[in-house]
Amino acid sequence: MGIFSKFKSGLKRGSAVLQGAFERVGVRGSLNQEDLFEIEEAFYACDFGPETTEEVLEEIKISFRDQKKADDGGLVNTARTVLSKILSGSEGMLDHSNDPSPQVICLVGVNGSGKTTTCAKLGHQLSLSGKSVMIGACDTFRAAATEQLKEWANRLALDLVSGHHGSDAAAVAFDAYSSALAKQTDYLLLDTAGRLHVKDNLMDELSKLKRVIQKREPAAPQHSWLVVDGSTGTNGLLQAKVFHQKFGLNGVVVTKLDGTSKGGVIVSIYRELGLPIFYLGLGEQPDDLQPFSVENYLDSLFPAYLSSINA
Ligand code: GDP
């Protein structure tokens, strides 16, 4: 499946809801209060959040006032333009030319958000693009995390450094960094623990991990990404503030967009955090992690209207 097909398939629930609302308006050719309510409901149902929904409705009203007819393709174009403006600057991009190596990417987030899986998928992606990758299994707290990552690493032929269950996560990170440095690996990906985010001991553990790596390389970790479960809507975003405060984040990965998520959460997350989104998790297979692209995202939300957009 190509990249766009994955986006499209992952975001099909949201696109069905939006398309349904716009089509009904288009068939009637009118735009009364009830129609606006229908569009509003659709945007809410897709987790775009109140501000974005409000902005979309305002622009739709203005465009209808100017054009005097409710053509659904035109309204979708208006909605797209609003979303695209909100998402401006949201595409994170790894700069492969960066020195020094290894570039360290540290994945943080609550339990179950998809850190371990993302770590493996990202390692796979980077190695497919010709980069050498080392994985540091620093989630020494969750018994299965290291095993899970070892299995992935075996399957995908990725180098991995791990420790014993319950061992010091910072020590694993340090060993992994040393090994990546010695092997001149391009990227070091660190999976971290995610138990209760408000627990200070996790935050202390993460701070220590960072300090220990910075002793070797003050610029590391070059990337500290929050992994967010996109199927939980924006509920989980309070956690982000805690991680941001304690760890300093500079990117986001949104996972599980292939599940129950209706996709608008991407816009809410970007609005809330203002951090670039690097990747989307669109399934459980190694190639189901895709670089975030605003264009692919919007095309996938409104696939039925691509011809009117490109016209
Ligand atoms: P962690 O606790 O943050 O390390 O989370 P895991 O990586 O162990 O993921 C928790 C569960 O979510 C696992 O069953 C993963 O297979 C699943 N998962 C992670 N990312 C995705 C995704 O993008 N799509 C789907 N459908 N499942 C995912």
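Keep in mind that what you see is a predicted model, and the values were worked out from it rather than measured. (Residues numbered from 1 in each chain as written. Predicted model: local features only at pLDDT ≥ 70, side-chain atom pairs only at ≥ 80, totals over all residues. Heavy atoms only, no water.)

**Student:** Can you help me understand the sheet that holds strand 4 (residues 187–191) in this one?
**Tutor:** The strands making up a sheet are joined through hydrogen bonds of the backbone, oriented either antiparallel or parallel. Strands sit in the order 3-2-4-1-5-6-7-8 across an open sheet of eight strands; the sheet is mixed. Strands with a single pairing partner mark the edges of an open sheet, and in this sheet they are strand 3 (159–162) and strand 8 (289–291). Neighbour-to-neighbour, the strand axes of the sheet open up by a mean angle of 25 degrees, direction not taken into account. With five bridges joining them, strand 5 (residues 223–229) and strand 6 (residues 251–255) adopt parallel strand pairing. Bridge assignment links Trp 225 to a residue of strand 6, and that residue is Gly 251. The sheet contacts of helix 6 (residues 115–128) involve strand 1 (103–108), strand 2 (133–137), strand 4, strand 5, strand 6, strand 7 (277–281) and strand 8, and relative to strand 4 the element is tilted by about 170 degrees. (Pairing = 2+ DSSP bridges. Helix = DSSP H or I, 4+ residues; strand = E, 2+ residues; numbered from the N terminus. Axes fitted to C-alpha atoms, helices over the stretch in contact; angles between N-to-C directions. Contact = heavy atoms within 4.5 Å.)

**Student:** Quick question: what am I supposed to make of the site of the ligand here?
**Tutor:** Residues in contact with the ligand amount to 18 residues; listed here are only the nearest, Gly 112, Thr 116, Thr 117, Asp 258 and Glu 284. Here an oxygen atom of the ligand and a side-chain polar atom of Thr 116 are 2.6 Å apart. A total of 580 Å² of accessible area belongs to the ligand in isolation, and the protein chains cover 81% of it. The dominant element in the shell around the ligand, judged by the number of residues it contributes, is helix 6, at four residues. (Near = heavy atom within 4 Å. Polar contact = N/O pair within 3.5 Å; in protein donor to acceptor, adjacent residues only side chain to side chain. Areas by Shrake-Rupley, 256 points an atom, 1.4 Å probe, with all protein chains shown as cover.)

**Student:** In this structure, what is going on with the packing of helix 10 (residues 237–247) against helix 11 (residues 265–273)? I would like to understand it.
**Tutor:** Two measures define how a pair of helices packs: the angle their axes make with one another and the distance between the axes. Between helix 10 and helix 11, whose axes approach to 11 Å, the crossing angle comes to 35 degrees. Relative to helix 11, the crossing made by helix 10 is right-handed. Packed against helix 10, whose contacting residues are Leu 237, Ala 240 and Lys 241, the element helix 11 presents Ser 268, Ile 269, Glu 272 and Leu 273 at the interface. Its residues placed into classes, the contact of helix 10 with helix 11 shows four nonpolar, one polar and two charged. (Left-handed = near helix turned anticlockwise from the far one by under 90°. Nonpolar A, V, L, I, M, F, W, Y, C, P; charged D, E, K, R; others polar.)

**Student:** So what exactly am I meant to see when it comes to the nonpolar core here?
**Tutor:** Nonpolar side chains in soluble globular proteins generally cluster together in the buried interior. Judged by nonpolar contacts, the single largest core of 74 residues is most densely connected at Phe 22, Leu 190 and Tyr 297. Counting residues per element, this core draws most heavily on helix 8 (residues 169–182), at seven residues. Taken domain by domain, this core gets at least three of its residues from each of domain 1 (3–90 + 299–310) and domain 2 (103–292). Excluding its chain neighbours within four sequence positions, the residues that come into contact with Leu 190 are Val 104, Ile 105, Cys 106, Leu 107, Cys 119, Gly 136, Cys 138, Ala 173, Ala 176, Leu 209 and Ile 213. (Core = buried A, V, L, I, M, F, W, Y, C linked by side-chain atoms within 4.5 Å. Buried < 20%, exposed > 50% of the residue type's maximum accessible area, 1.4 Å probe, protein only. Domains from an automatic or database assignment.)

**Student:** What is the right way to read the side chain of Thr 116 from this model?
**Tutor:** Topologically, Thr 116 is positioned in helix 6. A relative accessible area of 4% means that Thr 116 is categorised as buried. Filtering out sequence-adjacent residues up to four positions away, Thr 116 remains in contact with Arg 142, Ala 145, Gln 148, Leu 149 and Asp 191.

**Student:** Would you take a moment to explain the domain arrangement of the protein chain for this structure?
**Tutor:** Interface size is often expressed as the accessible area that is lost when the parts come together. Each domain of the protein chain was delimited in the assignment, giving domain 1 (3–90 + 299–310) and domain 2 (103–292). At the interface, 23 residues of domain 1 touch 23 residues of domain 2. Carbon and sulfur atoms supply 60% of the area buried between domain 1 and domain 2, which totals about 1900 Å² over both sides. With its nearest N and O atoms 3.8 Å apart, the salt bridge here joins Asp 287 to Lys 6. There are 12 residue pairs in polar contact (both at pLDDT 80 or more) connecting domain 1 and domain 2. Those elements that place two or more of their residues in the side of domain 1 that touches domain 2 are helix 1 (3–10), helix 2 (12–28), helix 4 (50–67) and helix 5 (72–86). (Buried area = accessible area lost by both parts, 1.4 Å probe. Salt bridge = Lys/Arg side-chain N within 4 Å of Asp/Glu carboxyl O.)

**Student:** Sorry, what's going on with the pattern of salt bridges here?
**Tutor:** For side chains bearing opposite charge, pairing can occur when the charged atoms are close. Per the stated rule, a full pass over the model turns up 11 salt bridges. Here Lys 208 and Asp 168 are joined by a salt bridge, their closest N and O atoms 2.9 Å apart. Residue Lys 208 is found in helix 9 (residues 200–216), and its partner Asp 168 is found in the loop between strand 3 and helix 8; the two are separated by 40 residues along the sequence. We classify Lys 208 as partly exposed; its relative accessible area is 33%.

**Student:** How should I be thinking about the packing of aromatic side chains in this particular structure?
**Tutor:** For any two aromatic rings, the description comes down to two numbers: the centre-to-centre distance and the angle of the planes. Under the counting rule described, the total for this entry stands at six aromatic pairs. Taking 6.3 Å as the distance between ring centres and 90 degrees as the angle between the ring planes, the aromatic pair formed by Phe 22 and Phe 43 counts as edge-to-face. Within this pair, whereas Phe 22 is found in helix 2, its partner Phe 43 is found in helix 3 (residues 33–45), the two being separated by 21 residues in sequence. Across this residue pair, the class does not change: Phe 22 and Phe 43 are buried. Grouped by ring-pair contacts, the aromatic residues Phe 22, Phe 43, Phe 48 and Phe 302 constitute a single cluster. Sitting over the ring of Trp 152, Arg 155 keeps its end group 4.9 Å from the ring centre. (Phe/Tyr/Trp six-rings, centres within 6.5 Å; stacked < 30°, edge-to-face > 60°. Lys NZ or Arg CZ within 6 Å of the ring centre and 35° of its normal.)

**Student:** Is there a simple way to explain the environment of Tyr 177 in this structure?
**Tutor:** Its location among the elements puts Tyr 177 in helix 8. Among the residues examined, Tyr 177 registers a relative accessible area of 2% and is labelled buried. Along the sequence, Tyr 177 and Pro 102 sit 75 residues apart, while their C-alpha atoms lie 7.7 Å from each other. Every residue in contact with Tyr 177, bar those within four places of it in the chain, is listed here: Pro 102, Val 104, Leu 188, Ile 213, Arg 216 and Glu 217.

**Student:** Help me understand the state of the cysteines, please; the structure alone is not making it clear to me.
**Tutor:** Between two cysteines, a covalent bond joining their sulfur atoms is known as a disulfide. The full count for this structure, using the stated rule, is zero disulfides. No disulfide involves Cys 138; its sulfur sits 7.0 Å from that of Cys 106, the nearest cysteine. You can call Cys 138 buried: its relative accessible area is 0%. (Disulfide = S-S within 2.5 Å.)

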